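What follows is the residue order along each chain.
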Amino acid sequence: MSDPSDLLKTPLHALHLELGARMVPFAGYSMPVQYPAGLMAEHHHTRTAAGLFDVSHMGQLRLIGPDAATAFEALMPVDVIDLAIGKQRYGLLLNDAGGIIDDLMFVNRGDDIFVIVNGACKHGDLAHIVERIGGRCTVEPQFDRALLALQGPQAVTALQRLLPGVEKLVFMTGAAFTWNGADLFVTRSGYTGEDGCEISLPAASAEAFARALLAQPEVKPVGLGARNSLRLEAGLCLYGNDIDTTTTPVEAALNWAMQKVRRTGGARAGGFPGAARVLGQLDGTEPLTRKRVGLIALERVPVREHVELQSLDGVKIGEVTSGLLGPTADKPVAIGYVAPGFAAIGTRVNAIVRGKAVPMEVASMPFVTNRYFRG
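Note that the structure is a prediction, hence the values are computed from the model and not measured.

What counts and how
- Residues numbered from 1 in each chain as written.
- Predicted model: local features only at pLDDT ≥ 70, side-chain atom pairs only at ≥ 80, totals over all residues.
- Heavy atoms only, no water.
- Helix = DSSP H or I, 4+ residues; strand = E, 2+ residues; numbered from the N terminus.
- Rg over C-alpha atoms; globule rule 2.2 N^0.38 Å.
- Buried < 20%, exposed > 50% of the residue type's maximum accessible area, 1.4 Å probe, protein only.
- Contact = heavy atoms within 4.5 Å.
- Areas by Shrake-Rupley, 256 points an atom, 1.4 Å probe, with all protein chains shown as cover.
- Lys, Arg positive; Asp, Glu negative; His and termini not counted.
- Charge placed at Lys NZ, Arg CZ, Asp CG, Glu CD.
- Pairing = 2+ DSSP bridges.
- Axes fitted to C-alpha atoms, helices over the stretch in contact; angles between N-to-C directions.
- Core = buried A, V, L, I, M, F, W, Y, C linked by side-chain atoms within 4.5 Å.

A. Quick look at the overall build of the protein chain. Counting its secondary structure elements, the protein chain contains eight helices and 20 strands. By the compact-globule yardstick of 21 Å for 375 residues, the protein chain fits well, its C-alpha radius of gyration being 21 Å. Its C-alpha atoms give the protein chain principal-axis dimensions of roughly 65 × 50 × 45 Å. Looking at the 375 residues of the protein chain, the share that counts as buried comes to 57%. Taking all contacts inside the protein chain whose residues are at least 6 apart in sequence as the whole, residues at least 24 apart take part in 65%. Of the roughly 15000 Å² of accessible surface on the protein chain, 54% is carried by carbon and sulfur atoms. Within the protein chain, the 38 negative side-chain charges are centred at a point lying 5 Å from the centre of the 35 positive side-chain charges.

Given below as structure tokens:
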């Protein structure tokens, strides 16, 4: 979709233009990549105050019915059934080979399971979910709703002026609110490594609510450019770059997202697509050929996606999937895949940037300490 006239627009499109955003095609939408302040200023503002992101391109849907949790759990290596009302969890939709169709967030709201999926994947995800479990629960897309993310250490301070009580939420919990007659659902989560909230709301209320947030002294608009640098410093995967249908959760080092109850020996072990392969990799009975790692360049040279990684004796061992000069880390950071023998923290490898070997070291993630509010 390179022709701008073919691009979809979020409910905040006119506001982005008014604020001077540079718009780019993203997931089929015209989206702001940065505002006049620039990516670096937006990144630092989010780390020190509060950044407002338009993420309305993402897909929202409801799973409704008494069997919804059990049905949804059949699609993922994740504990859905035991998730308490008001709690949110990270999930992974898998194909029959154990590859990741999408990563997502879901909340048990009592009367439904509320799911947020990636924008570029939402129509495929919907079709997959309907095909697999549409006979067991009602699958209701809400792709017309807006979604805002307010992120940063002062995000909740600003948001509670508009939504009193939101400060009572802790990381990975959610609750319903009303603002000027509109029904909002807020989770205390996000994808920057900072404290903050994501706000689902009717499209018709989105611009007024965004303007009310931007009127708060702590809040400035932030585009996709800084969203990418923030999530990379937080060590978080970008779907399509760091994970995709060829990647299993174990290869992607997402073992933490698979609860014990779904693993070998657990009360509800397996039963999800690709379970034999995924549990085999977890248990060590199925070989791993690669593993996702964090990388720090030892020279001040940004190492970007698709750059080849080599052992110190010049053998190809993997590839970088995301990389840039981390504005807060103040050094080049990257995520990539390497052969398992090179995945240990402290291992030295070379990235081949324009024919030159740039020394890198396997490092723990996140590259910048996460600051989620856990109460």
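B. View of the sheet that holds strand β11 (residues 174–179). The strand order β11-β12-β13-β10-β4-β14 describes an open sheet built from six strands, whose pairing is mixed. The open sheet has two edge strands, β11 and β14 (219–221), and neither has a second partner. Adjacent strand axes in the sheet meet at a mean angle of 25°, parallel and antiparallel pairs treated alike. Sheet analysis places β11 next to strand β12 (residues 182–187), joined by six bridges and oriented antiparallel.

C. Spatial organisation of the side chain of His128. Here His128 is to be found in helix α4 (residues 122–133). Overall, the relative accessible area of 10% leaves His128 in the buried class. When near neighbours in sequence (up to four residues on either side) are disregarded, His128 contacts Leu75, Leu93, Leu94 and Ile101.

D. A look at the nonpolar core. In this structure, Leu159, Leu163 and Phe209 are the most contacted members of the largest nonpolar core, which totals 29 residues. Breaking this core down by element, the ones donating at least two residues are β4 (50–54), β10 (146–151), α5 (155–162), β11, β12, β13 (196–201) and α6 (203–214). Setting aside chain neighbours within four positions, we find Leu159 in contact with Leu150, Val166, Val186, Cys197, Ile199, Phe209 and Leu213.

E. How the structure looks around unusual backbone geometry. A cis amide bond, omega 5°, links Met365 with the succeeding residue Pro366. The topology assignment puts Pro366 in the segment after β20 (356–363). Phi angles above zero are rare outside glycine, and Asn180 is one such case at about 50°. Note that Asn180 resides in the loop between β11 and β12. Look at Asp330: it is not a glycine, yet its phi comes out positive at around 60°. Looking at the secondary structure, you find Asp330 in the loop between β17 (316–326) and β18 (331–338). Exposure remark for Asp330: the relative accessible area of 46% places this residue in the partly exposed category.

That is the geometry; function is a separate question.
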